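Chain residues, written in single-letter form:
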Amino acid sequence: MDETPRRDFLAVREVAKLFQIGDELVAALSGVNLVIDKGEFVCLIGASGCGKSTLLRIIAGFEQPSSGRVEIYGHPVTGAGSDRGMVFQDFALFPWLTVRENIAFGPRQKGLPTTRVREIADEYLNMVGLAPFADRFPAQLSGGMKQRVAIARVLANEANILLMDEPFGALDALTREQLQDELLQIWARTGVTVIFVTHSVEEATLMADRVVVMTAGPGRIEADIPIMLERPRDVSSPDFNEVRRSLTQRLTSHVRRQLKAA
């Protein structure tokens, strides 16, 4: 019988982050602990300034914590890596590259053969439904299409952790709803681990296996709540709205406490 201890897939351990702003040292995060299993879909919610995006950037390796560490299978994260891909609200596509070239960028940088790069790009073009737009440039796409390209570009780079910082926040309601559904389909198909920052309690309830509520001043994890609703989820169902109300109450209660403390 194998007695080897199980290693956590992704672990955030006692992470703190300080920023120097003028003459003042500001604590953005303090004592953050979080363990995420492979293939989970986790949403981070909290008021503006609670450190959600900072935590995401530390997991991505774009920033180093002031103390504590992030580990993947027990190995410390010391910088950015192709195993972690970030999707931003503003898409961050290369405007001089076509849709196909944007998606192929990572595989090409790895020095893969041209035929293999093309195969990978075509696979993810089809996955996000953009094959007819492969030769267009980002300026010729709608916001929803740009976000599909951003997701495909990360997946084509063989990322197994998808870090999403309010990716649908700038989109209209109809496009947002469509992309939520498409992202869930991609997640189910690929098994990628998703950490998704949102201000929308409804979006978190719809998407997540777990919702992590963060509180500011400095940012800490106040609650880690499993969402037990079956998929696909109906936003109009009584069960869905009961979970949404509970999360809203938890979120707004700590905002009220912060206002009283201030």
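Residues numbered from 1 in each chain as written. Predicted model: local features only at pLDDT ≥ 70, side-chain atom pairs only at ≥ 80, totals over all residues. Heavy atoms only, no water.

**Details of the sheet that holds strand β4 (residues 67-72)**
Convention followed: If DSSP finds at least two bridges between two strands, the strands pair. We count a stretch as a helix when DSSP gives it H or I for four or more residues in a row; a strand needs E for two or more, and each element gets its number in order from the N terminus. Any two residues whose heavy atoms approach within 4.5 Å at even a single point are treated as in contact. Orientation is described by lines fitted to C-alpha atoms, with helices fitted over the stretch in contact, and by angles between N-to-C directions that extend from 0 to 180 degrees.
One open sheet holds the four strands; their spatial order is β2-β1-β4-β5, and the pairing between them is antiparallel. At either end of the open sheet lies a strand with only one pairing partner, and these are β2 (24-36) and β5 (75-76). Examined bridge by bridge, strand β1 (residues 10-21) and β4 share five bridges and lie antiparallel to one another. By the bridge assignment for β4, L10 is matched with I72. Of the strands in this sheet, β1, β2 and β4 touch helix α1 (residues 52-60), which is tilted by about 115° from β1.

**Looking at the packing of helix α3 (residues 114-127) against helix α4 (residues 143-156)**
Condition: Working definition: roughly parallel below 35 degrees, roughly antiparallel above 145 degrees, roughly perpendicular at 65 to 115 degrees, and oblique for all remaining angles. The hand of a helix crossing depends on one turn: near helix anticlockwise from the far one by less than a right angle means left-handed, and clockwise means right-handed. When residues are grouped by polarity, Ala, Val, Leu, Ile, Met, Phe, Trp, Tyr, Cys and Pro land in nonpolar, Asp, Glu, Lys and Arg in charged, and all others, Gly among them, in polar.
Running from N to C, α3 and α4 point in directions that differ by 140°, and their axes come no closer than 9 Å. On the basis of their axis angle, the class for α3 and α4 is oblique. For the element pair α3 and α4, the recorded crossing hand is right-handed. On the side of α3, the interface is formed by I120, Y124 and M127, while α4 contributes A152, L155 and A156. Counted by class, the contact of α3 with α4 contains six nonpolar, no polar and no charged residues.

**Re the pattern of salt bridges**
As a working rule, side chains carrying opposite charge can pair if their charged atoms are close by. Note the following rule: By convention in these notes, a salt bridge is any Lys or Arg side-chain nitrogen within 4 Å of a carboxyl oxygen on Asp or Glu. Only protein chains enter the accessibility calculation, which uses a 1.4 Å probe; a residue is then buried when its area is under 20% of its type maximum, exposed when over 50%, and partly exposed in between.
Summed over all chains, the structure comprises 16 salt bridges. Here D83 ties to R84 by a salt bridge, and the two come within 3.1 Å at their closest N and O atoms. When its relative accessible area of 23% is taken as the criterion, D83 is described as partly exposed. E158 is the salt-bridge partner of K110, the closest N and O atoms lying 3.3 Å from each other. Of this pair, K110 sits in the loop between α2 (99-109) and α3 while E158 sits in the loop between α4 and β7 (161-165), and the two are 48 residues apart along the sequence.

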